[in-house]
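Chain by chain, the residues:
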Amino acid sequence: MSSITLKVNGTTHTFDLDPSTPLLYALSDELGLRGPKFGCGLGECGACTVIVNGEATRSCVTPLQLVHGAEITTLEGIGTIEKPHPLQKAFIEEQAAQCGFCINAVIMTAKALLDTNPKASDEEIREAMSNVLCRCFTHVRMMRAIHRARREMAG
Amino acid sequence: MSRQAPHSTSLSGLTPDAQGALERAGLSRRAFLQGAGVLIVSFSALGKAATAGAQLFGARSTPGAPSPDQLDSWIAIAADGRVTAYTGKSEIGQGISTAQMQLVAEELCVPFDNVHLIYCETPITPDEGVTSGSQSHPTNFNHRNLAQAAATARETLMQLGSRHLGVPAASLVARDGAIHIKNQPAKKVGYGTLIGGKHFDLHVDPHAKRKPASEWTILGTPAKQPDLPAIVTGQFEFVHNVRLPGMLHGEVVRPPEVGATVIGVDEGSVSGMPGVVKVVVRKNFVGVVAQKPWQAIQAAKKLKVRWSPGKGLPPQANYYEHLRNQKPTRDSLSVDSKDVPEKLAAAATVLKATYYYPYQMHGSMGTSCAVADVRGNHATIYSPTQGVWPLRGSLAMLLGLDQENVKVLFRRGAGCYGLNGADAVSYDAAILSQAVGKPVRVQLSRKDEMAWENFGYAFVMDERAGLDAHGNIVAWEHEAWFPVHGSRPGYDTPGNVITGALVGFQSRPFEPRSPAPEPRRFENHDNSVPSYCAGKVGDKSEGTGTIESERVLIHTVPSPFFTGPLRSPARLQNTFAHESFMDELAAQAKVDPVAFRLRHLSFPRLRDVVTAAAGAAKCDARPSPKPDLQKTGVASGRGMACVAYEGGNGYTAVVAEVAVDQDSGRIVVKRFVVSIDVGPISNPDGLKNQMEGGALQGMSRVLGEEVTWDDRKVTSIDWATYHTQFLGIEVPQVDVVLLNRPDDAATGAGETSITVVAAAIGNAVFDATGARLREAPFTSDRVKAALKLRA
Ligand code: FES
Ligand code: FES
């Protein structure tokens, strides 16, 4: 055990956990966050995506020791039901979900992309989504929602 | 009153979220049931006979379950007028919760936002069996369940309103949660005043008048998914997020090979590991419980288990041959006009083709998860199962408990599409919790989910048909083989899924039967009979087509893997063969495939979807393949397929437009045009969403998905080895044409579009290239091989 400090959605937390524990467990089990999810535990699907120091990161394969002191943003940190992020709003407007389990993967990956590249081309969006999964195949609406948010974020 | 006892205890097991939901609904179920001191006893005096024994479809009178013939089992109205509806059909991403809320709002004449829906909690919702097979719409919309309960409640409120306002019911109207006097809008009384917080204490009236679709104001309009704002902001409680006080974490250790059994477990191999609470062994079930999830995972990895070797698997390379030649078989005859051989002998041309479809998996986005709290002789399980009541029964068997002491509370999981690991993981959590006497959460690893789920059926299908000199089909024969092992556990067969089998329960036995008995009535639930056949059994023809010489024989054989009802089970595979073969016949007859279909279809609703899809896709009328084929480079084409899903539970047709790179063998679908008729449309946007999702999921299945194995174990165990289509693909345009039939009965929708896309894509490839694909998935190697075979 050793103690690891993370700043999650603006608040600093200290964890007494095996430093090899993946970040996902600290977020979903220690902090009880519901955004990041376990989908594969292998870095293959994106369900566990959070933003670490500005970059979309798969928390299921990121040991805590690698992110000591990092700033982490999760799905709940980017907007609320009352004040949703433009991506969250776009997903509601487009009704871009079926089961919704992949929403975290899609929105957080898109957010990291649009934050650094607000005018991302369709090709760049596809590239960013190339290993993000939605097994309900809500692809049509999700891509439409991302494009809608891009327009709104670009002003 | 039939339901006092179970509730008070049930609520103690609710998570804060569930409690919150009840409170947001404006009442607590307990308060409602226990605090409603005033029972309305005077209904019969109002002339509202408490009709006994209403015939309810699909809902069972199960001991300990809210009685389905009681109105209070379905509908509760709070003092502030807000409505809580209880249903036995669960939300699994298919949008049924939204549609059910619309239904209640419509029949009860209250705003959509005033309805709160609670689904699938055994102590408080009626038993409606399993949510599956596109049955939820028919069950709760057509039959005397939720819809009839809401209509009964409205009629009752009209009578109460009449008494309250002193005006005959004929001069009243129900609107916005109140009874109004017609022409005097200010004179009204709210539902809350009339009944708020009290029991109706009435039977559901089978004669209560449903609102005709022509009067709908809420149904038939797009409604938004109520949970979506919470989901997109990370507030929503999936089953994966259920946390109970004192909860521990379990990780299972599945056999390394199919059929391997436990010889010994060395518990010492994990003793002293941080957080480990217990190693649990029950026959061939092995699991570890620890304080934290990562500790459980580490310990499960380290635990030394000696396993016997597996029983070996048939080689995948010639599995289809093995399937076809296995004996004994269980045979079913769907139709047999007895004259097929002679009609084929007299035909001008006879065509034969064999189609192959692989095992595929549900492969849910999230691995299955459940939380169980088993203490003493009581159990509460939070589960994403599609059947809380059946699960209650089979869990009770597995735990050796009285089923009245087992509660199953549905919580949403990741999209399931049939039977993923939801039931198995509920058993896993329950077994581990029982062993430690504390709540235990289990979420399967990706590999454990994929290697052991109940796969969708592999199929081998022989098609044979004859054409006369004018190119009309004169006879059609279909013979198919598919493997089965296990399925949904139902109320009493836990051995139908992996965990139940590991602890020693038998799966549903395979019962050989050959020859098949003569069909007694026409049934086409599995779409084994092509849409173009007359479906004649006895002296009735109940099929959707014109071909009177017909024979359909299906063989099942035992499967080495668990199998289950993956979205559109058997229907998708049979339809792939029928609709591809229909295209082959049209090409042989040199007739436009849309016109050729219409020539052999008699049922108007199916003809209409075919015409609608072809029209919207602006298909030019000509035979396939298209003229002037180029044999290299990228070729484009279009293909059509249609189906009367389950013979008559939804009608759909699709046109696929594809581009085939003839050098690489890669297929890219550019566009789908889907037409759909599900009777009256409850939620047009929700229906479109289902059609789009079904089309793309069907596309992923036919282009890449295939379970693989070696001589001992499944080898497609993650997203690198099981090939699905990610979000970054070139997403086809999907146009959906909705055919609304407000005066017909509601049908299913969720499994319709997925049923037809495989054939439509194969037919489009043929149109583009002249190459016929008969084996799914259409990998680039198979495409290249088919291109080489071209004349
Ligand atoms: S759960 Fe982390 S990538 Fe799948
Ligand atoms: S909406 Fe279910 S996985 Fe994407």
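Treat the numbers as computed from the prediction; the structure is a model and nothing was measured.

Some points on the overall build of chain B
Per the secondary structure count, chain B includes 21 helices and 26 strands. Of the contacts made within chain B by residues no fewer than 6 positions apart, 79% connect residues no fewer than 24 positions apart. Carbon and sulfur atoms provide 51% of the accessible area of chain B, an area that totals close to 27,200 Å².

Things to note about the interface of chain B and chain A
In many reports, interface size means the accessible area that the parts give up when they come together. Taken together, the contacts link 65 residues of chain B with 58 residues of chain A. In total, about 5,000 Å² of surface goes out of reach between chain B and chain A, with carbon and sulfur atoms giving 60% of it. Our count for the chain B to chain A interface comes out at five salt bridges. A salt bridge links A:D29 to B:R243, with the shortest nitrogen-to-oxygen separation between them at 3.2 Å. On inspection of chain B and its partner chain A, the count reaches 29 residue pairs in polar contact (both at pLDDT 80 or more). Looking at the side of chain B that touches chain A, the elements that each hand over two or more residues are helix 8 (228–232), helix 9 (293–302) and helix 19 (684–703) of chain B. Examining the composition of the side of chain B that touches chain A, we find that nine residues originate from one element, helix 19 of chain B, more than from any other. For the side of chain B that touches chain A, the class distribution of residues is 27 nonpolar, 25 polar and 13 charged.

Describing helix 13 (residues 422–436) of chain B
Residues and elements named next belong to chain B. The end-to-end C-alpha distance of helix 13 is 21 Å, a good match for the 21 Å that 15 residues give at a rise of 1.5 Å each. Counting buried positions along helix 13 yields 13 of 15 residues, so the element is predominantly enclosed. Within two residues after helix 13, G437 carries a phi angle of roughly 65°, on the positive side.

A few points about empty space enclosed by the protein
Residues and elements named next belong to chain B. Tallied over the full model, the rule gives 11 cavities of 30 Å³ or more. Roughly 80 Å³ of internal volume is contained in the second largest cavity. Residue lining of the second largest cavity: V130, T385, Q386, G387, P390, L391, S394, D423, Y427, R488, P489 and G490, and that is the complete set. Secondary structure elements with two or more residues in the lining of the second largest cavity: helix 12 (388–399) and helix 13. Grouping the amino acids of the lining of the second largest cavity by side-chain chemistry returns five nonpolar, five polar and two charged. Looking at which domains feed residues into the lining of the second largest cavity, each of domain 2 (241–309 + 362–452) and domain 3 (320–359 + 457–788) gives three or more.

Brief notes about the sheet that holds strand 14 (residues 369–375) of chain B
Residue and element names in this part refer to chain B. Across the sheet, seven strands lie side by side as 9-10-7-17-14-15-16; this open sheet has mixed pairing. Each of the sheet's edge strands pairs with one partner strand only, and the pair in question is strand 9 (276–282) and strand 16 (406–410). The mean angle between the axes of side-by-side strands here comes to 20°, regardless of whether they run parallel or antiparallel. When strand 9 meets strand 10 (residues 285–290), the two strands line up antiparallel, connected through six bridges.

Focus on the packing of helix 3 (residues 86–93) of chain A against helix 6 (residues 139–153) of chain A
Residues and elements named next belong to chain A. Between helix 3 and helix 6, the least distance of the axes is 8 Å, while the angle of their chain directions is 135°. As judged from the angle between their axes, helix 3 and helix 6 are oblique. Between helix 3 and helix 6 lies a crossing whose hand is right-handed. Judged by residue contacts, P86, L87, K89, A90, F91 and E93 of helix 3 engage M142, A145, I146, R148, A149, E152 and M153 from helix 6. Among the residues making up the contact of helix 3 with helix 6, the classes are represented as nine nonpolar, no polar and four charged.

Concerning the packing of helix 4 (residues 96–108) of chain B against helix 6 (residues 146–165) of chain B
Residue and element names in this part refer to chain B. Two numbers describe how helix 4 lies on helix 6: the axes approach to 8 Å, and their chain directions differ by 25°. Classified by the angle their axes make, helix 4 and helix 6 are roughly parallel. In this structure, helix 4 meets helix 6 at a crossing whose hand is right-handed. From helix 4, Q100, L103, V104, E107 and L108 reach across to helix 6, where they touch L146, A147, A150, A151, A153, R154 and L157. Residue composition of the contact of helix 4 with helix 6, grouped by class: nine nonpolar, one polar and two charged.

Description of the domain arrangement of chain A
All names here are of chain A. According to the domain assignment, chain A contains domain 1 (2–77) and domain 2 (86–154). Look at where the C-alpha atoms of domain 1 and domain 2 centre, and you get two points 21 Å apart. Between domain 1 and domain 2, the residue contacts involve 18 residues of the former and 13 residues of the latter. A buried area of about 1,200 Å², summed over both sides, lies between domain 1 and domain 2, and 61% of it is on carbon and sulfur atoms. Connecting domain 1 to domain 2 are zero salt bridges.

Observations regarding unusual backbone geometry
Residues and elements named next belong to chain B. Put simply, S514 and P515 share a cis peptide bond, and its omega is 0°. Among the secondary structure elements, P515 is positioned in the loop between helix 15 (498–502) and strand 20 (536–537). For the bond running from A776 to P777, omega is -5°, close enough to zero to count as cis. Mapped onto the secondary structure, P777 falls in the loop between helix 20 (753–769) and helix 21 (780–789). One non-glycine residue with positive phi stands out, namely N183, at about 70°. Examined against the element boundaries, N183 turns out to sit in the loop between strand 5 (178–181) and strand 6 (184–190). On the basis of relative accessibility, which here comes to 78%, the residue N183 falls in the exposed class.

Remarks on the pattern of salt bridges
All names here are of chain B. One pass over the structure, following the stated rule, counts 50 salt bridges over all chains. Between R375 and D373 there is a salt bridge; the shortest N-O distance is 2.8 Å. Ionic pairing is found between R741 and D608, a salt bridge with its closest N-O pair at 2.8 Å. One end of the pair, R741, is in the loop between strand 26 (733–738) and helix 20; the other, D608, is in helix 18 (residues 604–616), with 133 residues separating them in the sequence.

Here we look at the nonpolar core
If you look at soluble globular proteins, the nonpolar side chains tend to sit buried side by side. Grouped together as the largest cluster of nonpolar side chains are 151 residues, with contacts concentrated most on A:F91, B:I75, B:L108, B:L157 and B:L395. Element by element, the count of residues in this core is highest for helix 4 (residues 103–116) of chain A, at nine residues. Every residue in contact with B:L108, bar those within four places of it in the chain, is listed here: B:I75, B:V83, B:A150, B:A153, B:R154, B:L157 and B:Y191. B:A641, B:V654, B:I681 and B:A776 belong to the second-largest nonpolar core, a separate cluster that totals 96 residues.

Focus on the sheet that holds strand 3 (residues 49–52) of chain A
Residue and element names in this part refer to chain A. In spatial order, the strands read 2-1-5-3-4; together these five strands make up an open sheet with mixed pairing. Looking at strand neighbours, the two that pair on one side only are strand 2 (11–17) and strand 4 (55–58), the edges of this open sheet. Each adjacent strand pair in this sheet contributes to an overall mean axis angle of 40°, direction not counted. Bridge count between strand 3 and strand 4: four bridges; the pairing is antiparallel. By the bridge assignment for strand 4, T49 is matched with R58. Set on the sheet, helix 1 (residues 23–30) makes contact with strand 1 (2–8), strand 2, strand 3 and strand 5 (71–73); between it and strand 2 the angle comes to about 110°. Where helix 4 meets the sheet, it contacts strand 3, strand 4 and strand 5, and its direction lies at approximately 25° from that of strand 3.

Scoring rules and cut-offs
- Residues numbered from 1 in each chain as written.
- Chains lettered and ligands numbered in written order.
- Predicted model: local features only at pLDDT ≥ 70, side-chain atom pairs only at ≥ 80, totals over all residues.
- Heavy atoms only, no water.
- Helix = DSSP H or I, 4+ residues; strand = E, 2+ residues; numbered from the N terminus.
- Contact = heavy atoms within 4.5 Å.
- Areas by Shrake-Rupley, 256 points an atom, 1.4 Å probe, with all protein chains shown as cover.
- Buried area = accessible area lost by both parts, 1.4 Å probe.
- Salt bridge = Lys/Arg side-chain N within 4 Å of Asp/Glu carboxyl O.
- Polar contact = N/O pair within 3.5 Å; in protein donor to acceptor, adjacent residues only side chain to side chain.
- Nonpolar A, V, L, I, M, F, W, Y, C, P; charged D, E, K, R; others polar.
- Expected span 1.5 Å × (residues − 1).
- Buried < 20%, exposed > 50% of the residue type's maximum accessible area, 1.4 Å probe, protein only.
- 1 Å grid on protein atoms, 1.4 Å probe; cavity = no way out; pocket = protein on both sides within 12 Å on 5 of 7 lines; lining within 4 Å.
- Points joined across faces, edges and corners; volume = space filled by probe spheres on them.
- Domains from an automatic or database assignment.
- Pairing = 2+ DSSP bridges.
- Axes fitted to C-alpha atoms, helices over the stretch in contact; angles between N-to-C directions.
- Parallel < 35°, antiparallel > 145°, perpendicular 65-115°, else oblique.
- Left-handed = near helix turned anticlockwise from the far one by under 90°.
- Core = buried A, V, L, I, M, F, W, Y, C linked by side-chain atoms within 4.5 Å.

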